[in-house]
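A closer look at the structure
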Amino acid sequence: MTDNSRDLFLRARDVMPGGVSSPVRAFKAVGRHPLFVQSGSGSAIVDADGKEYVDYVMSWGPLILGHAHPEVLGRVLETAAMGLTYGAPSEPELELAEKIVDAVPSVEKVRLVSTGTEAVMSAVRLARAVTKRDDVVKFEGGYHGHSDGLLVKAGSGALTFGSPSSPGVPKDFAKHTFVCRYNDLESVDAVLSKRKIAAVLVEPIAGNMGVVLPAGGFLEGLRDLTRKRGALLIFDEVITGFRASYGGAQEAFGLEPDITTLGKIIGGGLPVGAYGGPAEIMDRLAPDGDVYQAGTLSGNPVACAAGAATLKILKKTMPYRRLDALGARLERGLLDAAAAKGVDAAINRAGSVLTLFFKKGGAGTYEDVMQASTSRFAKFFHGMLERGIYLPPSAFEAWFLSAAHTEEDVDRTVKAAAEVLGTL
Ligand SMILES: *Cc1c(COP(=O)(O)O)cnc(C)c1O
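Rules used in this analysis
Residues numbered from 1 in each chain as written. Predicted model: local features only at pLDDT ≥ 70, side-chain atom pairs only at ≥ 80, totals over all residues. Heavy atoms only, no water. Phe/Tyr/Trp six-rings, centres within 6.5 Å; stacked < 30°, edge-to-face > 60°. Helix = DSSP H or I, 4+ residues; strand = E, 2+ residues; numbered from the N terminus. Pairing = 2+ DSSP bridges. Contact = heavy atoms within 4.5 Å. Axes fitted to C-alpha atoms, helices over the stretch in contact; angles between N-to-C directions. Near = heavy atom within 4 Å. Polar contact = N/O pair within 3.5 Å; in protein donor to acceptor, adjacent residues only side chain to side chain. Areas by Shrake-Rupley, 256 points an atom, 1.4 Å probe, with all protein chains shown as cover. Nonpolar A, V, L, I, M, F, W, Y, C, P; charged D, E, K, R; others polar. Domains from an automatic or database assignment. Buried area = accessible area lost by both parts, 1.4 Å probe. Salt bridge = Lys/Arg side-chain N within 4 Å of Asp/Glu carboxyl O. Buried < 20%, exposed > 50% of the residue type's maximum accessible area, 1.4 Å probe, protein only. Arc of directions from axis to C-beta.

Our next topic: the packing of aromatic side chains. Under the criterion given, the structure shown has eleven aromatic pairs. Pairing Phe-139 with Phe-218 gives two aromatic rings, centres 5.6 Å apart and planes at 75 degrees, and the pair type is edge-to-face. Of this pair, Phe-139 sits in strand β5 (residues 135-139) while Phe-218 sits in helix α7 (residues 218-229), placing them 79 residues apart in sequence. Ring pairs connect the aromatic residues Phe-27, Tyr-53, Phe-377, Phe-381 and Tyr-390, which therefore count as one cluster.

Spatially, β13-β14-β16 is the arrangement adopted by the three strands of the open sheet, whose pairing is antiparallel. Two strands in the sheet have a free side with no partner beyond their single neighbour: β13 (346-350) and β16 (399-400). Packed on one face of the sheet, helix α11 (residues 320-340) meets β13, β14 (353-357) and β16 and runs near 180 degrees to β13.

Around the ligand, the structure places Thr-115, Gly-116, Thr-117, Tyr-143, His-144, Gly-145, Glu-203, Asn-208, Asp-236, Val-238, Ile-239 and Lys-264. Here an oxygen atom of the ligand sits 2.6 Å away from a polar atom, N or O, in the side chain of Thr-117. Tyr-143 is positioned such that a nitrogen or oxygen atom in its backbone is 3.3 Å from a nitrogen atom of the ligand. Taken by itself the ligand offers 380 Å² of open surface, and the protein chains cover 83% of this. By residue class, the composition of the shell around the ligand is three nonpolar, six polar and three charged.

For the rest of this paragraph, the subject is the domain arrangement of the chain. Under the domain assignment used here, the chain contains domain 1 (4-64 + 319-421) and domain 2 (70-317). Of the residues lining the interface, 26 residues belong to domain 1; the matching set on domain 2 comes to 24 residues. When domain 1 packs against domain 2, close to 2,000 Å² is buried across both sides, 63% of that on carbon and sulfur atoms. Our count for the domain 1 to domain 2 interface comes out at zero salt bridges. Counting the contacts that link domain 1 with domain 2 gives eight residue pairs in polar contact (both at pLDDT 80 or more). Elements with a contribution of two residues or more to the side of domain 1 that touches domain 2: β13, β14 and α12 (366-370). Broken down by element, the residue count for the side of domain 1 that touches domain 2 peaks at four residues, all from β14. When grouped by side-chain class, the residues that make up the side of domain 1 that touches domain 2 number 17 nonpolar, six polar and three charged.

Bringing helix α2 (residues 70-80) into the picture now. Turning to α2, its buried residues are Val-72, Val-76 and Thr-79. All buried residues of α2 project into a common sector of 70 degrees when viewed along the axis, lining one side. The exposed residues of α2 that point more than 90 degrees off its buried face are Pro-70, Leu-77 and Glu-78. Where α2 is buried, its residues contact α3 (91-103) and α10 (301-317).

See the structure below:
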């Protein structure tokens, strides 16, 4: 039997570290080589051997309309034909900025960048400038891109500053980051009452330790505590922006952060990130203000056209209720199948994103999540892949549904899951 993905991966490993451009793609957590993807259309991808899969990775979040949406693609081709980049203002970036400002409640002005990493890194710089403070708070299990100051894990005690979670990050950078516990306001209050904190950085719905929902009152508590202590609240909506609702998690929860970071969906499949907030804060940025941040390809016309086309379709079709129903159907199907086969499983879901954890009881905190069985997940993953279902290749990732997924996709997935769960 041919395995073109394996052959390509062996070639890739000769010239690319780990054979990939981003680590989780290498499938290490599930112990096999990755699929090389040849094409995507709607809810499906086709691998290098021509085998088709229902895709629940969806490029890790951007593809809320599915692969190769004809309208988005049309807009990209039409824009690309007029030149790929100018290093000067162009209408597509204005169109995208206007759509973001129109949609996201707390955002009056927005700066476009090229990745989520860049958006968060720049938002933190801005928060530090505005507050004239250096220290920031993040949460265990939160991911905000790979910038130095945010690749930090908890220190030895709740009140000690963080330590680098990767070699190459200077301790001197990590010491400005305090790591608190998600869904634990006391851990935040403890730091904010003792340190001058520039910003509290949070995924309003955690998506990078698997999906974990904010406990009742947690986000409201962060809003109150940060106001009381003179810190800014940054919502990292790189996943939740235009996914939790059209206006993001802040619209869904009725809460306004001081700065919002965006990425993923706003590029419609091309590289776009953004950060925004009240004009008073955003006007601190150069050229009007004194906080420097720039980018050769920032506001790239082709990428912004893809993003603007995506937001336009989302606003017109408002697929969120249907996405939630699809998510509920998948959740129910998986839980019923697990119960029928006697497999301990918990599912956290926020609309069209969910994670299935192989564990007893719920998964409301980082500690809970870490109890989930990774070996069971790996077996489950392999069984699903054999049956044509492409899941994220790690137990602690979000599964993404798109408007292109159908009830048949979901039912096929549940049927495959029932078979695989019976073999665990
Ligand atoms: C993906 C992600 C990022 C980083 O975005 P990149 O485009 O990969 O740099 C930041 N924050 C959150 C919440 C993310 O999910």
